[in-house]
Amino acid sequence: MTIGEQWKQVEADYYMQVVRRMPMVLERAQGTYVYDTEGKGYLDFTAGWAVLNVGHSHPEVTAAIQEQAGMILQMSNLFYTIPQLKLAKILVDNSCMDRVFFCNSGAEANEGVCKLARKYGKLHLNGAHEIITADNSFHGRTMAMMAATGQAHYQDNWRPLMPGFVNVPYNDVDAIKEATTDQTCAVLLEPVQGEGGVNVPDPDYFTQVRAWCDEKRLLLISDEVQTGMGRLGTLFGYEQFGFEPDALTMAKGLGAGAPLGAFLCKQEYAVLEPGDHGSTFGGNALTTAAGAAGAKVVVDENWSAKGAEAGAYLKARLEELQAKHDVVTDVRGMGMLLALELADNRAGAVIAETVANGLLLNAVRPNTLRFMPPLTTSRAEIDEAIGILDAALNKVPAP
Ligand SMILES: *Cc1c(COP(=O)(O)O)cnc(C)c1O
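How each quantity is defined
Residues numbered from 1 in each chain as written. Predicted model: local features only at pLDDT ≥ 70, side-chain atom pairs only at ≥ 80, totals over all residues. Heavy atoms only, no water. Helix = DSSP H or I, 4+ residues; strand = E, 2+ residues; numbered from the N terminus. Buried < 20%, exposed > 50% of the residue type's maximum accessible area, 1.4 Å probe, protein only. Contact = heavy atoms within 4.5 Å. Areas by Shrake-Rupley, 256 points an atom, 1.4 Å probe, with all protein chains shown as cover. Domains from an automatic or database assignment. Buried area = accessible area lost by both parts, 1.4 Å probe. Salt bridge = Lys/Arg side-chain N within 4 Å of Asp/Glu carboxyl O. Expected span 1.5 Å × (residues − 1). Arc of directions from axis to C-beta. Pairing = 2+ DSSP bridges. Axes fitted to C-alpha atoms, helices over the stretch in contact; angles between N-to-C directions. Phe/Tyr/Trp six-rings, centres within 6.5 Å; stacked < 30°, edge-to-face > 60°. Lys NZ or Arg CZ within 6 Å of the ring centre and 35° of its normal. Near = heavy atom within 4 Å. Polar contact = N/O pair within 3.5 Å; in protein donor to acceptor, adjacent residues only side chain to side chain.

**Quick look at the overall build of the protein**
On a plain count of helices and strands, the protein comes out with 13 helices and 15 strands. Overall, the C-alpha framework of the protein stretches about 60 × 50 × 45 Å when taken along its three principal axes. A burial count over the protein gives 54% of its 399 residues as buried. For the protein, the proportion of contacts with a sequence separation of at least 24, taken over those separated by at least 6, is 70%. For the protein, the accessible area works out to roughly 17,800 Å², and carbon and sulfur atoms hold 53% of it.

Pasting the structure below:
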């Protein structure tokens, strides 16, 4: 048995079997590439799940982690520590938000912002507590976020769901209007739905939702867990749609590879007081040092705009594949969050083929491939990926 096979056996014997893994064991990574235990390299167009926005093992992130590890790792939030303050300042200075709370994941960020929304409802909307979310959304896998996530697959085995969430069709402002009652306190939406299949709303959807929320005094919350940190071509996804949310959540790209989440809000909605919310590890010195280093690279070197250029190039190359292969029925997305839809459910087989040839992709739907590479991916790397995908589309037959 190779070393990789030995580790796979450990996984099979010991690990909770909640995912069907790809066939190789990964050991190290640099930039857009990851390497398995055999030393084979793969172009990583999953980027640790839209996490490594400045690439794997970015030197500034690695240095920040190393330096922080020798200084202080963890203290209670009862005490001031510096890295979380550095990152808080970067986020607030570069968004329409005024205040930030750090936690450890996207689900936790959404949980926290929903607590903020409920308290806002209690204080300012006569106790209204319902939060409207969208079908095909993804907000996380905790008990509350399963109710927020409008996908049967994430809900049906775990009913009864937590009350207080109403799922309506995405990209349909009238559906939000119809679902609004005197119990509604907030609307929670992704600027582009990621896990739901890379669904881009109409250009005026969010300005219309914004106007409705203003009229009804509802909190409009942007779930930027996947779209934040430059993924759509601007630091935050909301900037692409010409509106300002009242609060937003982040995770994935925020920690530059360290597990880190956050929710932010404008000052007028900062209704949480001492004792209302907290987290032992939230704002941990190590994770926020990594996040501050990564965020500084994204902002100072303008990787949002550079990622938008790379994404436009990738999209154009995917459209070439669409022109060439009848099986490709759609190319969609923004920035470095793109999808290629197929006429049938061969996405898994196509990915098995690309992985065997050195390209990691995600089948976000049985008929849809998702592309979420680092924003730092070069044109040469995109060309290499397109070559591998082109060959796979030629080779993989209909299911
Ligand atoms: C991934 C994701 C989440 C959940 O984040 P976790 O860190 O896995 O809990 C929430 N919202 C969106 C939009 C996501 O893409």
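**Overview of the domain arrangement of the protein**
When the domains of the protein are assigned, the result is domain 1 (3-57 + 303-395) and domain 2 (72-300). Listed per partner, the contact involves 27 residues of domain 1 and 29 residues of domain 2. Buried surface at the junction of domain 1 and domain 2, both sides included, amounts to about 2,100 Å², of which 57% is carbon and sulfur. Area buried by domain 1 at its contact with domain 2 is led by Ser304, Met334 and Leu337, which between them contribute 29% of it. Taken together, the links from domain 1 to domain 2 amount to 1 salt bridge.

**Observations regarding helix H9 (residues 205-216)**
Over its 12 residues, H9 runs 17 Å from end to end, which matches the ideal 16 Å to within 8%, given 1.5 Å per residue. Of all the positions in H9, only Tyr205, Phe206, Val209, Arg210, Trp212 and Cys213 are classed as buried. In a view along the axis of H9, the buried residues occupy a sector of 165°, so they form one face of it. Here the buried face of H9 lies against helix H8 (173-179), strand S7 (184-189) and strand S8 (219-223). One or two steps after H9, the chain reaches Arg217, where phi turns positive at roughly 60°.

**Points about the sheet that holds strand S14 (residues 362-365)**
In spatial order, the strands read S11-S12-S15-S14; together these 4 strands make up an open sheet with antiparallel pairing. Taken across any chain shown, the strands that pair with only one partner, and hence form the sheet edges, are strand S11 (328-334) and S14. Strand-to-strand twist of the sheet, defined as the mean angle between neighbouring strand axes without regard to direction, takes the value 30°. Both S11 and strand S12 (residues 337-342) contribute to a ladder of 6 bridges, which runs antiparallel. If you follow Gly333 over to S12, its bridge partner there is Leu338. Each of S11, S12 and strand S15 (368-371) touches helix H11 (residues 303-324); the most contacted strand, S11, lies at about 170° to it.

**Points about H11**
Helix length check: H11 (22 residues) gives 31 Å between terminal C-alpha atoms against 32 Å at 1.5 Å per residue, within 8%. The set of residues buried in H11 consists of Trp303, Ser304, Gly307, Ala310, Gly311, Tyr313, Leu314, Arg317, Leu318 and Leu321. For H11, the secondary structure elements touched by its buried residues are helix H10 (285-300), S11, S12, S15 and helix H13 (379-395).

**Section: the packing of aromatic side chains**
A full pass over the atoms with the stated rule returns 9 aromatic pairs. When the centroid spacing of 5.1 Å and the interplanar angle of 65° are considered together, the rings of Tyr205 and Phe206 count as edge-to-face. Aromatic pair Tyr238 and Phe243: ring centres 6.2 Å apart, planes at 70°, arrangement edge-to-face. In this structure, Arg21 is placed above the aromatic ring of Tyr15, and the distance from its NZ or CZ to the ring centre is 4.8 Å. The positively charged end of Arg379 is found above the aromatic ring belonging to Tyr313, 4.3 Å away from the centroid.

**Focus: the site of the ligand**
With respect to spatial proximity, the complete set of residues near the ligand consists of Ser105, Gly106, Ala107, Asn110, Phe138, His139, Gly140, Glu190, Asp223, Val225, Gln226 and Lys252. Between Gln226 and the ligand, the recorded distance is 2.8 Å, taken from a side-chain N or O atom to an oxygen atom. One of the side-chain N or O atoms of Lys252 is found 2.6 Å from an oxygen atom in the ligand. Sorting elements by how many residues they give to the shell around the ligand places helix H5 (residues 106-124) first, with 3 residues.

**Focus: the sheet that holds strand S5 (residues 130-134)**
A sheet is described by the order of its strands in space; here 7 strands give the open sequence S4-S10-S9-S8-S7-S5-S6, paired in mixed fashion. The open sheet terminates on both sides in strands that have one partner only, identified here as strand S4 (99-103) and strand S6 (165-168). Each neighbouring strand pair of the sheet contributes to a mean axis angle of 20°, computed without reference to strand direction. When S7 meets S8, the two strands line up parallel, connected through 4 bridges. Across the sheet, residue Val187 finds its bridge partner in S8, namely Leu220. Strand contacts of helix H4 (residues 82-93): S4, strand S9 (247-250) and strand S10 (261-265), with the helix running at about 130° to S4, the strand carrying the most contacts.

**So, unusual backbone geometry**
Omega for the bond connecting Arg159 with Pro160 falls within 30 degrees of zero, at 5°, which places this linkage in the cis form. If you trace the backbone, Pro160 turns up in the loop between helix H7 (152-155) and S6.

**A closer look at the pattern of salt bridges**
For the coordinates displayed, the defined rule picks out 17 salt bridges. The partner of Asp383 in a salt bridge is Arg317, and the shortest N-O contact between them spans 2.8 Å. Residue Asp383 is located in helix H13, and its partner Arg317 is located in helix H11; the two are separated by 66 residues in the primary sequence. Across the pair Asp344 and Arg346 runs a salt bridge, and its minimum N-O distance is 2.8 Å. With respect to class, Asp344 is no different from Arg346; both count as buried. The network of salt bridges with common partners includes Lys119, Glu273 and Asp276.

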